[in-house]
Amino acid sequence: MRQIPFLAPCLCGALALAGCVGANSDAKSKAALHSVNLIDDSNLSEIMLTVGDPSEAVAYFSKAAAENPSRIDLKRGLAKSLVRAGKADQAIAVWAAIIASPEGSNEDRVNLADAQIRINNWAAAEASLNSVPPTFETFERYRLEAMVADSKKNWKKADSFYEIAAGLTTKPSGVYNNWGFSKLTRGDNAGAERLFLQALTYEPQLFTAKNNLVLARAGQHKYDMPVVNMTQQERAQLLYTAGLAAVKQGDVSVGKDLLRSAVDTAPSYFEAAERSLTALGG
């Protein structure tokens, strides 16, 4: 009986300890659950930004950003999804707000410049890129710098930026294609041809580069098809491109032959080529 008073405090202590353990366990469980939710949110955000429908992505990030105004990652997701959805003008406002916040970064400034270029606001894009320190060297930054230099016909600077951008990525096909198109607009058809071929060494299926390659060769009066991988449908389209280029340059009879070849090569009825041939009396 004399042990009862001693037992009572022990029991209270044990209950108190049990309460602490329970509280700690509950806190840990909540923390773990929060971590899992963050991982799930991150995975969902990544899916929305890469393979999700652009309009659905905009709706998702709009709602998520409104519900979590302190989450800068969700605001960035909203801006990126707006660009994917073809709403670069709306994305600009979001990027500007992000940059104005304490968490704004140089990468955000580069993304703002990208959105500004998409609506052809070249002066604003140049200003955004100028606000990025030269020590911030990324593929995207130099890709955009090259495009801005192109818009100003500053060819020497454009060439330098394209070259740097190509060296900063393992997939430079798009850079070489853009660089080649820049050369094409300057009238440097031979230089453009080399760059389009270089683009195709990295991405043999890039049809834009194939079509541009045919234009660059046609500019040199080289109308035979380049030795690159192509499907029958692509060959018909490339013959059509070469035919139109030949006619434009005054090589009308060559153009007619190329258009006939395009019609004959196409696996299905090639209306545009047939119409062009008819217009030429072929």
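In short, a report on the structure.

What counts and what doesn't
Residues numbered from 1 in each chain as written. Predicted model: local features only at pLDDT ≥ 70, side-chain atom pairs only at ≥ 80, totals over all residues. Heavy atoms only, no water. Helix = DSSP H or I, 4+ residues; strand = E, 2+ residues; numbered from the N terminus. Contact = heavy atoms within 4.5 Å. Phe/Tyr/Trp six-rings, centres within 6.5 Å; stacked < 30°, edge-to-face > 60°. Buried < 20%, exposed > 50% of the residue type's maximum accessible area, 1.4 Å probe, protein only. Lys NZ or Arg CZ within 6 Å of the ring centre and 35° of its normal. Axes fitted to C-alpha atoms, helices over the stretch in contact; angles between N-to-C directions. Left-handed = near helix turned anticlockwise from the far one by under 90°. Nonpolar A, V, L, I, M, F, W, Y, C, P; charged D, E, K, R; others polar.

Another point: the environment of Ile-72. Structurally, the position occupied by Ile-72 is in helix α3 (residues 72-84). Sequence separation of Ile-72 and Ile-98 is 26 residues, and the distance between their C-alpha atoms is 7.3 Å. Excluding residues that lie within four positions of it along the chain, Ile-72 makes contacts with Ile-98, Ser-101 and Glu-103.

With that settled, the discussion passes to the packing of aromatic side chains. Applying the stated criterion across every chain, the model contains six aromatic pairs. Relative to Phe-61, the ring of Tyr-60 lies with its centre 4.9 Å away and its plane at 70°, an arrangement referred to as edge-to-face. The pair formed by Tyr-60 and Phe-61 is uniform in burial state, with each residue classed as buried. By way of ring pairs, the aromatic residues Tyr-162, Tyr-176, Trp-179 and Tyr-202 are connected into one cluster. The ring of Tyr-142 is capped by Arg-141, whose NZ or CZ atom sits 5.9 Å from the centre of that ring.

Let's shift gears to the packing of helix α11 (residues 207-218) against helix α12 (residues 232-248). Relative to each other, α11 and α12 sit at 30°, their axes nearing to 9 Å. By crossing handedness, the relation of α11 to α12 is classed as right-handed. Two secondary-structure elements touch here, α11 through Phe-207, Lys-210, Asn-211, Val-214, Leu-215 and Ala-218 and α12 through Glu-234, Gln-237, Leu-238, Thr-241, Ala-242 and Ala-245. For the contact of α11 with α12, the class distribution of residues is seven nonpolar, three polar and two charged.

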